[in-house]
Amino acid sequence: MPAPRELDPTYSVAAYLGHKIRREREQRGWTQQALAAKVFISRVRVAKIELGTDPPNPSLASRFDKVLGFEDDLANLARALLNAQVRDYAKAFLARQLEASAMHDFSIVVPGLLQTEEYARALLLAGQAGDPAEADRHAERRVARQEVWSRERPPWMWAVLDAAVLRRATGGRATMHSQLTKLREMCERPNINVQILPENTTVIAGSISLLTLPNGDRGAYTEGFETGAYTEEPSRVERFQRVYDRLHADALSACASMELIEKAIEGFA
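In short, a report on the structure. Note that the coordinates shown come from a computational prediction; the quantities given were computed from them, not determined experimentally. (Residues numbered from 1 in each chain as written. Predicted model: local features only at pLDDT ≥ 70, side-chain atom pairs only at ≥ 80, totals over all residues. Heavy atoms only, no water.)

1. A closer look at the packing of aromatic side chains
To be explicit about the condition: Aromatic pairing here means that ring centres of Phe, Tyr or Trp (its six-membered ring) are within 6.5 Å. Orientation follows from the plane angle: under 30 degrees is stacked, over 60 is edge-to-face, and everything else is tilted. Strands here mean DSSP runs of E at least two residues long; helices mean DSSP runs of H or I at least four residues long; both are numbered from the N terminus. Throughout this description, buried means an accessible area under 20% of the type-specific maximum (1.4 Å probe, protein chains only), exposed means over 50%, and partly exposed covers the range between.
Throughout the structure, instances matching the rule amount to three aromatic pairs. An angle of 5° between the planes, with centres 4.2 Å apart, marks the rings of Phe93 and Tyr221 as stacked. On the criterion of sequence distance, the pair formed by Phe93 in helix H6 (residues 88–97) and Tyr221 in strand E5 (residues 218–224) is long-range, its members being 128 residues apart. Grouping residues by exposure puts Phe93 and Tyr221 together as buried.

The structure is reproduced here in structure tokens:
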């Protein structure tokens, strides 16, 4: 009897995940169409997942887990695959971000945890100038990380955004209208606050994200084009905290910021 494919060291995580789904589906005597209906996707998507060419994000993998009785096996594989596809410099940050109890961000774009899939895709296409299908996969996985908002105790987030975020037509008018509408809806949550940094103030060229973990540890992530760095060294975190504090001090109030967001939504209608 041949050895299982999952023992082959050249076998990819995506292919292994797809193999597990296909094997369990066939054991139950289900067609791809029948499984697709149970997890609310198309038969073509099931086929691609089973082939390992279009792996599911953690949220979709969880639906497969429930339907096929895998507990959390597939979701864990999907998370491992997601982490494996992240640039090395961002892996530690993204892992900590999913654990954080509080986040304080400054960004020149809408932060990833508040993005729509269309907006994320537009940013990825602009940054990589590459394969649209690859951008689709990365955008889907980025948005999947928003499962943190479904936690029993979701994190506290305070984001300061450069005012240009509201005017720049990232992805076109329809994409921006949808993104700003989502931003407004997210701000209605008691644990999310967004403030706009006016254009008559000094801005930095990049983003800062400060994380507070449940045990009180803190980290800071900074990112520019094609580069980033995560640190938990106290003196460096303190330095980035001061940078953030100055930007926050210059930002408009939450109410005034919401008024600008509402006007921006109307402008892209």
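2. Focus on helix H9 (residues 173–187)
We apply this condition: A helix's residues, less one, multiplied by 1.5 Å, set its expected span.
When the terminal C-alpha atoms of H9 are compared, their 21 Å separation across 15 residues agrees well with the 21 Å that a helix rising 1.5 Å per residue should span. Thr175, Met176, Gln179, Leu180, Thr181, Lys182, Leu183, Met186 and Cys187 are the residues of H9 that are buried.

3. So, the pairing of strand E2 (residues 156–162)
Let me state the cut-off plainly: A strand pair is defined by DSSP finding two or more bridges across the two strands. For crossovers, right-handed means that the path from the first strand over the helix to the second runs clockwise, given strands pointing away from the viewer.
The buried count for E2 comes to five of seven residues, which makes it a mostly enclosed element. Pairing geometry for strand E1 (residues 102–107) and E2, over six bridges, is parallel. Following the sheet pairing, Ser107 is matched in E2 by Leu161. By the bridge criterion, six bridges tie E2 to strand E3 (residues 192–197) in an arrangement that is parallel. Across the sheet, the residue bridging to Leu161 is Ile196, located in E3. Crossover handedness for the path E2 to H9 to E3: right-handed.

4. Here we look at the sheet that holds strand E4 (residues 207–212)
How we decide: Lines fitted to C-alpha atoms define the axes here, with helix axes fitted over just the stretch in contact, and angles between the N-to-C directions of these axes take values from 0 to 180 degrees.
Spatial ordering of the open sheet is given by E3-E2-E1-E4-E5-E6, a layout of six strands whose pairing is mixed. In the strand order of this sheet, the two ends are held by E3 and strand E6 (227–231), each with one partner. In this sheet, adjacent strand axes meet at a mean angle of 10° when their direction is disregarded. With five bridges connecting them, E1 and E4 associate as antiparallel partners. Along E4, the bridge assignment pairs Asp105 with Ser209.

5. Examining the environment of Val109
This is how it is decided: Residues count as neighbours in contact if any of their non-hydrogen atoms are within 4.5 Å of one another.
Within the secondary structure, Val109 is located in the loop between E1 and helix H7 (117–128). In this structure the C-alpha to C-alpha distance between Val109 and Ala120, which are 11 residues apart in sequence, comes to 9.9 Å. Sequence-distant contacts of Val109, that is, excluding residues within four places in its chain, are made with Tyr119, Leu123, Leu161 and Val165.

6. Examining the state of the cysteines
Disulfide: a covalent bond connecting the sulfur atoms of a pair of cysteines. Rules: Cysteine sulfur atoms that pair up within 2.5 Å are treated as a disulfide.
Under the counting rule described, the total for this entry stands at zero disulfides. Lacking any disulfide linkage, Cys187 is separated from the closest cysteine sulfur, that of Cys255, by 11 Å. With relative accessibility at 14%, the residue Cys187 sits in the buried group.

Distances and angles like these do not, on their own, reveal function.
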